[in-house]
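This is what each chain is made of:
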Amino acid sequence: ETGEAVWHVGQPARVPVSSPVHADGVLYTSRGYRSGPYLAVRLDGEGDLSDQTLWRHETGAPYVSSLLHLDGLVYMATETGVVSVVDAASGETVWKERLGGYFSASPVVAGGRIYLLNEESELFVIATGREFQLLGQAEIGVRTLATPALSEGQLFVRSDRHLQVYGSWQPR
């Protein structure tokens, strides 16, 4: 109602780009600038919540793309082409793979699959879960920075010049 800050953690971020994600009373966020930090903060209280930090990693965070929380795991894709998953409760790395390219678009989930689109127009589809499994990969032919949208089996991609839809897209 007043616009006053209710709580804070750490130092001000000079270049915050990605959006935080909230699940089960915990906020997962990344400063992004210079690859970190990324952290999980329990949202109990007001003022300085630094003592509510569940875990924190100083490097390895995406600069632009946002984190994705799903089933107790946090997925992220970086500007160095690395996709990783950490355990949401402990912050421990579950797996990490270099897919290549520069990820500005955030990972999205639909139908039990994670979709990742890099700026070089490569679309990767991975399985959700604790084991890395590449389900499919495709060249979509347009440079994009925007996060794709998925609805009813269609993939919506906003490129530098157009909004395109790929109907009934399935990984190969």
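Above this text you will find the structure in question.
Keep in mind that what you see is a predicted model, and the values were worked out from it rather than measured.

*Asks:* Teacher, can you tell me more about the pattern of salt bridges here?
*Replies:* A side chain of one charge can pair with a side chain of the opposite charge when the charged atoms of the two come close. Inspection of every chain in the model, using the stated rule, returns five salt bridges. The partner of aspartate 160 in a salt bridge is arginine 143, and the shortest N-O contact between them spans 2.7 Å. Of this pair, aspartate 160 sits in the loop between β16 (154-158) and β17 (163-166) while arginine 143 sits in the loop between β14 (134-139) and β15 (149-151), and the two are 17 residues apart along the sequence. One continuous salt-bridge network, built from bridges that share partners, spans Glu119, Arg143 and Asp160.

*Asks:* Explain the nonpolar core here, please?
*Replies:* Within the largest apolar cluster, 14 residues are counted, with the highest numbers of intra-cluster contacts made by Tyr75, Val83, Phe103, Ile114 and Leu116. Apart from the residues within four sequence positions on either side, valine 83 is in contact with Met76, Ala77, Trp95, Lys96, Glu97, Leu99, Phe103, Leu116 and Ile126. Within the second largest apolar cluster, 13 residues are counted, among which are Ala23, Leu67, Met76 and Val86.

*Asks:* Help me understand the sheet that holds β14, please; the structure alone is not making it clear to me.
*Replies:* Sheet architecture is open: four strands sit in the order β11-β12-β13-β14, paired in antiparallel fashion. Looking at strand neighbours, the two that pair on one side only are β11 (108-110) and β14, the edges of this open sheet. Averaged over all pairs of adjacent strands, the angle between their axes in this sheet comes to 25°, without regard to strand direction. In the sheet, β11 pairs with strand β12 (residues 113-117) via three bridges, with the strands oriented antiparallel. Bridge pairing in β12 places alanine 110 opposite arginine 113.

*Asks:* Can you walk me through the pairing of strand β10 (residues 93-98) in this structure?
*Replies:* Side chains on a regular strand alternate between the two faces of the sheet. Pairing of strand β9 (residues 82-87) with β10, which is carried by five bridges, proceeds in the antiparallel orientation. When the sheet's bridge partners are listed, valine 83 is paired in β10 with glutamate 97. Once β9 ends, the chain turns through five residues before running back antiparallel as β10, passing glycine 91 with a positive phi of about 80°.

*Asks:* Hey, could you run me through the sheet that holds β10 in this one?
*Replies:* Hydrogen bonds between backbone atoms are what pair the strands of a sheet, whose relative direction is either parallel or antiparallel. Pairing is antiparallel across the open sheet formed by four strands, whose spatial order is β7-β8-β9-β10. Edge positions in the open sheet fall to β7 (68-70) and β10, since each of these has one partner strand only. Along the sheet, successive strands turn relative to each other by an average axial angle of 15°, direction set aside.

*Asks:* Sorry, what's going on with the packing of aromatic side chains here?
*Replies:* To describe a pair of aromatic rings, one takes the distance between the centres and the angle between the planes. Taken as a whole and judged by the stated rule, the model has four aromatic pairs. Look at tyrosine 38 and tryptophan 55: their rings are 5.8 Å apart centre to centre, the planes differ by 80°, and that puts the pair in the edge-to-face class. Here tyrosine 38, found in strand β4 (residues 38-42), pairs with tryptophan 55, found in strand β6 (residues 53-57); they are 17 residues apart in sequence, far enough to count as distant. According to the relative accessible area criterion, tyrosine 38 is buried, its value standing at 5%. Each ring, one from phenylalanine 103 and one from phenylalanine 124, has its centre 6.2 Å from the other, and the planes form 55°; the classification is tilted. Of this pair, phenylalanine 103 sits in the loop between β10 and β11 while phenylalanine 124 sits in strand β13 (residues 122-127), placing them 21 residues apart in sequence. Taken together, the ring pairs connect Tyr28, Tyr38 and Trp55 into an aromatic cluster.

Thresholds, definitions, all that
- Residues numbered from 1 in each chain as written.
- Predicted model: local features only at pLDDT ≥ 70, side-chain atom pairs only at ≥ 80, totals over all residues.
- Heavy atoms only, no water.
- Salt bridge = Lys/Arg side-chain N within 4 Å of Asp/Glu carboxyl O.
- Helix = DSSP H or I, 4+ residues; strand = E, 2+ residues; numbered from the N terminus.
- Core = buried A, V, L, I, M, F, W, Y, C linked by side-chain atoms within 4.5 Å.
- Buried < 20%, exposed > 50% of the residue type's maximum accessible area, 1.4 Å probe, protein only.
- Contact = heavy atoms within 4.5 Å.
- Pairing = 2+ DSSP bridges.
- Axes fitted to C-alpha atoms, helices over the stretch in contact; angles between N-to-C directions.
- Phe/Tyr/Trp six-rings, centres within 6.5 Å; stacked < 30°, edge-to-face > 60°.

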